[in-house]
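For reference, the chains in residue letters:
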Amino acid sequence: MKVTKEKSFDNYEELRGVFGELDANINAIKSEFCVDILISDRVVKIIGEEDGVDKTLNALNALGELARRQTVLPAQLNMIMDGAKSGEEIDIDGILRPVAITASGKVITPKTLGQRKYVDAIEKNSVVFGVGPAGTGKTYLAVALAVYALKKRKVSRIILTRPAVEAGEKLGFLPGDLNEKVDPYLRPLFDALQDMLGADAHIRLVERGELEIAPLAYMRGRTLSNSFIILDEAQNATKEQMKMFLTRMGENSKVVVTGDVTQIDLPSSVTSGMKHALEVLKDVKGIDIVRLTAKDVVRHELVTRIIEAYERFEKEDKNR
């Protein structure tokens, strides 16, 4: 049974901000919640099934609050619609809260509700697992928060590590010294650091002892205190390596473990340490697990469709 509910706006400026350029925002909402929207003066009428109407009303209330402060960005619209769809309270202050500022002055904010939850989890917990496909910002946001923590002197150093495991190539076959050997494996971390700090800034941090970048194997036997530690590509750590890494944590340290359990490069006979840890540690106090999905991909929109296609194929193949 269809119902009709109304939402009035204070002024036309707010209304224009809510509807967006060429009504892009309101058209996206109509499509998402399967409702019709009519406007008379400054009153918007929402017509449709009750559940869709209520979610639309929730989204419009949040959009109105955001539009009073600034122009609504596409990523913010998506976060609001995701929040309305899940029935959660939509925190506009949280949506607007920046994570960091890059060396070029660009403000970094989460672009999806999943990313916002990921950032909040890192801020609140000592250990966070960020699990999800490529392009969801797992590593980039973790590095941004690490740099922010270092600048604010919440920690005295950043430690970045990942397993030296790649398909068909081993460290020993690569030319050069240790730094040159591990560089290809740690390049995504370098790229994020350069965004945050500027070109070659990470070299100065290394010289001052405020940044350490090393393969996972070099963590053994250490206690890492007063540090922000990121383990990237953790799906390629073994069970033994994962336990070793997590037990390196010392006082006043924060650990972020990122990875994609659908992209494991270990031999088929070896269990992924990340998959194992997600099961073992799921109920441990102080540890949070945030699962990002294709909806949180912020690269080219085609990447989202590629990931979804692979997920559908793998699900169908498993059923067969």
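The structure presented is a predicted model; accordingly, all values stated were derived computationally and were not measured.

S.K.: Any details on the packing of helix 1 (residues 12-19) against helix 2 (residues 24-33)? Residues and values, ideally.
M.R.: Two numbers describe how helix 1 lies on helix 2: the axes approach to 5 Å, and their chain directions differ by 55°. In terms of their interaxial angle, helix 1 and helix 2 are classed as oblique. Contacts from Gly-17, Val-18 and Phe-19 in helix 1 reach Ala-24, Asn-25 and Ile-26 in helix 2. Classifying every residue of the contact of helix 1 with helix 2 by side-chain character gives four nonpolar, two polar and no charged.

S.K.: Describe the confidence of the model for the chain, naming the residues involved and giving the relevant values.
M.R.: Per-chain confidence: the chain averages 86 in pLDDT, with 91% of residues scoring 70 or above. Across the chain, element-level confidence peaks in strand 6 (residues 127-131) with a mean pLDDT of 97 and bottoms out in helix 8 (residues 178-197) with 70.

S.K.: Please set out the sheet that holds strand 8 (residues 211-215) residue by residue, giving values where relevant.
M.R.: Within the open sheet, the six strands sit side by side as 8-7-9-10-6-11. Their pairing is parallel. Taken across any chain shown, the strands that pair with only one partner, and hence form the sheet edges, are strand 8 and strand 11 (287-291). Ignoring which end each strand starts from, the neighbouring axes of this sheet average 15° apart. Each of strand 6, strand 7 (157-162), strand 9 (227-231) and strand 10 (254-259) is contacted by helix 7 (residues 138-151), which is oriented at about 170° to strand 9, the strand it contacts most.

S.K.: So what about the environment of Glu-13? Which residues, and what values?
M.R.: Structurally, the position occupied by Glu-13 is in helix 1. By relative accessible area, Glu-13 is classed as exposed at 55%. Along the primary structure Glu-13 and Arg-68 are separated by 55 residues, whereas in three dimensions their C-alpha atoms are 8.3 Å apart. A distance of 2.7 Å separates polar atoms of two side chains, one belonging to Glu-13 and the other to Arg-16.

S.K.: Outline the environment of Ser-227, listing residues and values.
M.R.: If you trace the backbone, Ser-227 turns up in strand 9. Taking C-alpha positions, Ser-227 is 5.2 Å from Val-155, a pair spaced 72 residues apart along the chain. Discounting residues that sit within four places of it in the chain, Ser-227 has contacts with Val-155, Arg-157, Ile-159, Asn-252, Ser-253 and Lys-254. At 2.8 Å, the side chain of Ser-227 forms a polar contact with the side chain of Arg-157.

S.K.: An account of the packing of helix 2 against helix 4 (residues 74-86) is needed here, citing residue identities and associated values.
M.R.: Where helix 2 contacts helix 4, the two axes come as close as 11 Å, and the packing angle between them is 30°. Considered as vectors, helix 2 and helix 4 are oriented roughly parallel to each other. The hand of the helix 2/helix 4 crossing is right-handed. Packed against helix 2, whose contacting residues are Asn-25, Ala-28, Ile-29, Glu-32 and Phe-33, the element helix 4 presents Leu-77, Met-81, Ala-84 and Lys-85 at the interface. Considering only residue class, the contact of helix 2 with helix 4 consists of six nonpolar, one polar and two charged.

S.K.: Describe the side chain of Asn-236, with residues and values.
M.R.: Its location among the elements puts Asn-236 in the loop between strand 9 and helix 10 (239-246). A relative accessible area of 2% places Asn-236 in the buried class. At a separation of 2.6 Å, a polar atom in the side chain of Asn-236 contacts the main-chain amide nitrogen of Asp-265.

Conventions adopted
Residues numbered from 1 in each chain as written. Predicted model: local features only at pLDDT ≥ 70, side-chain atom pairs only at ≥ 80, totals over all residues. Heavy atoms only, no water. Axes fitted to C-alpha atoms, helices over the stretch in contact; angles between N-to-C directions. Helix = DSSP H or I, 4+ residues; strand = E, 2+ residues; numbered from the N terminus. Parallel < 35°, antiparallel > 145°, perpendicular 65-115°, else oblique. Contact = heavy atoms within 4.5 Å. Nonpolar A, V, L, I, M, F, W, Y, C, P; charged D, E, K, R; others polar. pLDDT = per-residue confidence, 0-100. Pairing = 2+ DSSP bridges. Buried < 20%, exposed > 50% of the residue type's maximum accessible area, 1.4 Å probe, protein only. Polar contact = N/O pair within 3.5 Å; in protein donor to acceptor, adjacent residues only side chain to side chain. Left-handed = near helix turned anticlockwise from the far one by under 90°.

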